[in-house]
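What follows is each chain in one-letter form.
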Amino acid sequence: MATPELPSGTITFLFSDIEGSTRLLQELGSDYFALLQQHNAIFREVIGEYEGVEVGTEGDSFFVVFRSPLSALDAAAQTQRRLADPFFPVPVRVRIGLHTGQGQLAGGDYVGIDVHRAARIAAAGYGGQILVSDATRALVELNLPATLTLHDLGLYRLKDLARPERLFQLVVEGLPSKFPPPRSLDARPNNLPLQLTRFIGRQDQMTEIKRRILDGTRLLTLTGPGGTGKTRLAIEVAGDTLTAFEDGAWLVDLSSVMDPSLVISAIAEVLGVTPEAGHSLPEALDSSLRDKAMLLVLDNFEQVVDAGAAVERLLQAAPRLKLLVTSRTVLHRYGEQEFPVPPFDVPDPAHLPDLASLARNEAMGLFVERAIAVKPDFALTPLNASSVAEIAVRLDGLPLAIELAASRIKMLPPQAILERLGPSSTLLISRIPDAPARQRTLRGAIEWSYRLLKERERQLFEQLSVFQGGGTVVAIESICPPVPGGEALDDLACLVDSSLLREVEAEDGEPRFVMLETIRAYAAERLEDQPELYAATQRAHAMYFADFARQQWEHLTGSQREPALAAMAADIANLRGAWRHWVAEKDLDQLNKLVDSLWLFYDAQGWYHATVQVATDLLSVLSSTPSSPERAIQEVMLRTSLARALMAIHGYTQEVEEAYGRALDVFEGRPEIRQLFPVLRGLASFYNYRAEFEKGAQVGREILLLAHAEDDPSMRVDGHLVLGSSIALQRDLHGGLDHLEKAMSYFESAGFRSRRFGLGNNPGVASFTVSSLVLWMLGFPDRAGERANRAVNLAVDLGHPATLAYALFHSGFLHLWRRELGIVHDRAAQTLQVADEHDLQIWKALGKCLLGAAKTGIGRPGDGLAQIQEGLDLYHGLKTPPVFWPLILYVQAGAYARSGKAAEGLGMIEEAIAIAGSELTLLPELYLLKGQLLLALPDAGKAAAEQWLQRAFDMAKDLDARMPQLRAAVGLCRLWRDQGNAGEGSRLLRAIRETFTEGFATADLREANELLKGRS
Ligand SMILES: Nc1ncnc2c1ncn2[C@@H]1O[C@H](COP(=O)(O)OP(=O)(O)OP(=O)(O)O)[C@@H](O)[C@H]1O
Ligand SMILES: [Mg+2]
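(A) Focus on the packing of aromatic side chains. As enumerated under the stated definition, the model contains 22 aromatic pairs in all. Summarising the aromatic geometry, the rings of Phe813 and Trp817 are spaced 4.8 Å apart at their centres and angled 55° between planes, so their arrangement reads as tilted. Here Phe813 pairs with Trp817, and both are found in helix H34 (residues 801-817), just 4 residues apart, close to one helical turn. The pair formed by Phe813 and Trp817 is uniform in burial state, with each residue classed as buried.

(B) Main features of the nonpolar core. With 231 residues, the main nonpolar core has Phe367, Phe461, Leu464, Trp843 and Leu989 as its most contacted residues. A total of 11 residues in this core trace back to one element, the largest contributor, which is H34. When near neighbours in sequence (up to four residues on either side) are disregarded, Trp843 contacts Ala802, Ala805, Tyr806, Phe809, His810, Thr831, Leu832, Ala835 and Phe884. Formed by 33 residues, the second largest nonpolar core is a distinct cluster that contains Ile18, Leu24, Ile130 and Val140.

(C) Quick peek at the environment of Tyr50. Mapped onto the secondary structure, Tyr50 falls in the loop between helix H2 (31-49) and strand S2 (52-58). Taking the C-alpha atoms as reference points, Tyr50 and Phe66, 16 residues apart in sequence, are found 8.2 Å from one another. Not counting residues up to four positions away in its chain, the partners in contact with Tyr50 are Phe66, Ser71, Asp74, Ala75 and Gln78.

(D) How the structure looks around helix H6 (residues 203-214). Taking 1.5 Å of rise per residue, 12 residues should cover 16 Å, and H6 covers 16 Å from first to last C-alpha, within 8% of that figure. Within H6, burial applies to Gln205, Met206, Ile209, Arg212 and Ile213. For H6, the angular spread of the buried residues around the axis is 135°, confining them to a single face. When the buried face of H6 is taken as reference, the exposed residues oriented beyond 90 degrees from it are Gln203, Asp204 and Thr207.

(E) Inspection of the pattern of salt bridges at higher detail. Following the criterion strictly, the structure yields 40 salt bridges and no others. Measuring nitrogen to oxygen at the nearest pair gives 2.8 Å for the salt bridge that ties Arg166 to Asp152. Highlighted residues: Arg166 in strand S8 (residues 165-172) and Asp152 in strand S7 (residues 148-156), separated in sequence by 14 residues. Arg166 sits in the partly exposed class, given a relative accessible area of 31%. Judged by its relative accessible area of 40%, Asp152 is partly exposed. For Glu302, the salt bridge identified is with Arg328, shortest N-O distance 4.0 Å. In this pair, Glu302 sits in the loop between strand S11 (294-299) and helix H10 (308-317) while Arg328 sits in the loop between strand S12 (321-327) and strand S13 (336-340), placing the two residues 26 residues apart along the sequence. Across the pair, Arg328 and Glu302 agree in class, each one buried.

Definitions and cut-offs
- Residues numbered from 1 in each chain as written.
- Chains lettered and ligands numbered in written order.
- Predicted model: local features only at pLDDT ≥ 70, side-chain atom pairs only at ≥ 80, totals over all residues.
- Heavy atoms only, no water.
- Phe/Tyr/Trp six-rings, centres within 6.5 Å; stacked < 30°, edge-to-face > 60°.
- Helix = DSSP H or I, 4+ residues; strand = E, 2+ residues; numbered from the N terminus.
- Buried < 20%, exposed > 50% of the residue type's maximum accessible area, 1.4 Å probe, protein only.
- Core = buried A, V, L, I, M, F, W, Y, C linked by side-chain atoms within 4.5 Å.
- Contact = heavy atoms within 4.5 Å.
- Expected span 1.5 Å × (residues − 1).
- Arc of directions from axis to C-beta.
- Salt bridge = Lys/Arg side-chain N within 4 Å of Asp/Glu carboxyl O.

None of this, on its own, says anything about what the molecule does.
Shown next as structure tokens:
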């Protein structure tokens, strides 16, 4: 190889070497040379890329010069990036130093102080670090690429150099940036261990802790359960604040110190303090620390909390001493400040953000980093992201647990890890060799805290494992009564102090005590080892929550509904636990205490899956208990409500039809059963779904009779609603509207009463909604709009998802009639959002169709039609004839019309007309659209179009449906004018137009006016 020309003049020197190369050589033996070769190859490749000249290589160190300082910086950064590549069998950490100065050549080599300086700068750094002199910095600062920043480290006296050197660290985006202070003559003394992994997240916590340490706080205790990251955080803080402490920062590891009296000697040992003859060790330490400005990190204080007094004394003796303590419990010392260290935030697996945001989540970030360390090609992908998120959640975001789980990624994909993360998983036994002994297993970490508890506290701790999602003091006191001599509140406080329990504030402001899941699982195992105590505590828990549910029922059906719902929400996991307990015990009496409140709560949340589960469980218990008239009645109510819940989730499916069939079977020959409101209400929705409006109306009348007999105004709301909508959809718009008006006024005066096995849309919202569509048909577009808005507002206030989806969809549909496509678009999108969130199949399908329809009207026909098709595909699993079928076809045909595809639209509208009953009040609109589609076809007969428009007009007239009548008249008017018969069309249109008293801003009325003025 020809010797390259060495540049002279102002040049930038780069020195590098591998940190710990001797150790590497010893560890790897002959493999080390392969590694070295790889390292050299990377270096040479980068040197070539950035036009550097290799001056010399010695062992593992490089000496390179660059004409451009920026190229030198880039080359350094690029080298670190490539060396950070996880494909390296073992981490290779290279320190690099850069300095710009005079390149004086003598005998084919560089001489002079600047070369020397550059070499010293490199030697002051740490593996992975790039140190830059002030001279280089001045030349490149203004031209740095966005991925590189220079961090001022301050002045340092380097060996053999006369004047101090200001050093800068080149921070490369994505690479570790935290290092101990440069190895200089005056760096602050310390024994902080070098961290081999990147410190993740915790920005706000770091800032806050540093602020407190640098301000007045002298004793700051970082608390939290084992493995939450206290030690790591403390070391990070100490490193960052080191320059503020003249006498440095010292880590005192107390994890192996069991005897509080030995704490002082452990500190003295770290600081190298030994007593002189005639003095005690504490005295020696006092006098040694008296004038020192120092930070002591006392790590793992929980087992020596009794040494708190000695520590307090030290603080008094040494006024410039500060203590940063990590401990699972607080010290309870004067002047102590506590800083609880929470686990990492975890993502919500139900609503995962995009991958990039996910990767920024601390828990996910830690998992991914640790996974890459064992499996370099591991990456977060759309396929594994949700499993990784679930793992993080299952492990409560505990850094230690996440590390342990991630270390298994070499053998197991995330999904498999997830499956194995049971309560006593052996998966979490660490194989990280230098993890502290007590952290070898997560279990060990928890056991450690457990062993430090008093006997009494241990029992409470174990018993608390029967709670799910924590509990209130009242519940805890009642389920885990204190053992003699104990005081539950004191013991609870103790558990909180030792980080085994956390106190949080529930939404209603009441404090709750909760355990991290990993800790709870440990406590549960302990409890299960004591079968008697376990059974008794579980039973007490299930009993307590059954009674709790029964108490809530009164409030839920009365004026205290909202607070009662909140109370149920806070304890829902416990309530479910109690439910499962009594299902397993087949204890119908206890289940009956729970069922009504649970049911009502689920319905209020729109959690129909849970409702179905409750009904199915209870039916199975019922079937195994001897029958009685009371049981039979309960069974029927359950069966109809179950069917109705299934319908709310899946729509009208085979399964729903069968469920109704079974309920109807039980009715046979038992007229008294038709006296049950939930049964009647369930039947009403069944018939309406099947578009059997006649039968629906009959059920409505029966509900009204029942309401009359029981003088129940809230039941009247349902009766009039069922009857009114059945009639209005079938033949009689005015008659239907009368009932709907009554439903609304009863609703407004009597409100809505929750009742047993209630389900589905709020009847008030439904009344407003149906009446808005009826008002539109009758020719009152403004009142229609107002009603639809009230329906949506009311549904928003109620926060009941199914009701909200229903109101949003129908309001969108009304706006489709009003040709306000922007609003339709919004309503459809909102419908979809609610439907997706709560898995409401029907509203998903209908929402998509509506959204597609809106898009075809705002210039995106391709998109829109595809969306409608998606909606229809979703709807496919649902059996016909669902009540929405003609409606969907109508919406679809309209969308095809707007997209200039009349021929396809025609087929759809014909199908809609064929399946709609001959008395459906929507028919005029279907006829009208058919007429319009025929007109749009170039070669179809105008005569056929005219015939359909006329039919639409006539039927609308019969129904007094003035809106479709007006719309049909517009069509006819235009057609006749084109045929030279403008007079007759105008007469027809004017007559109907003059009956309108409102809605003059709507598209249809404006169009009619223009036509009449002869302008269109
Ligand atoms: N912010 C972080 N970035 C990277 N790793 C972290 C972070 N926090 C914690 N870890 C890792 O998680 C593990 C547990 O953290 P750490 O040892 O600090 O917990 P601890 O709260 O001190 O536990 P113990 O109570 O058992 O002493 C360690 O391996 C640590 O390196
Ligand atoms: Mg620790």
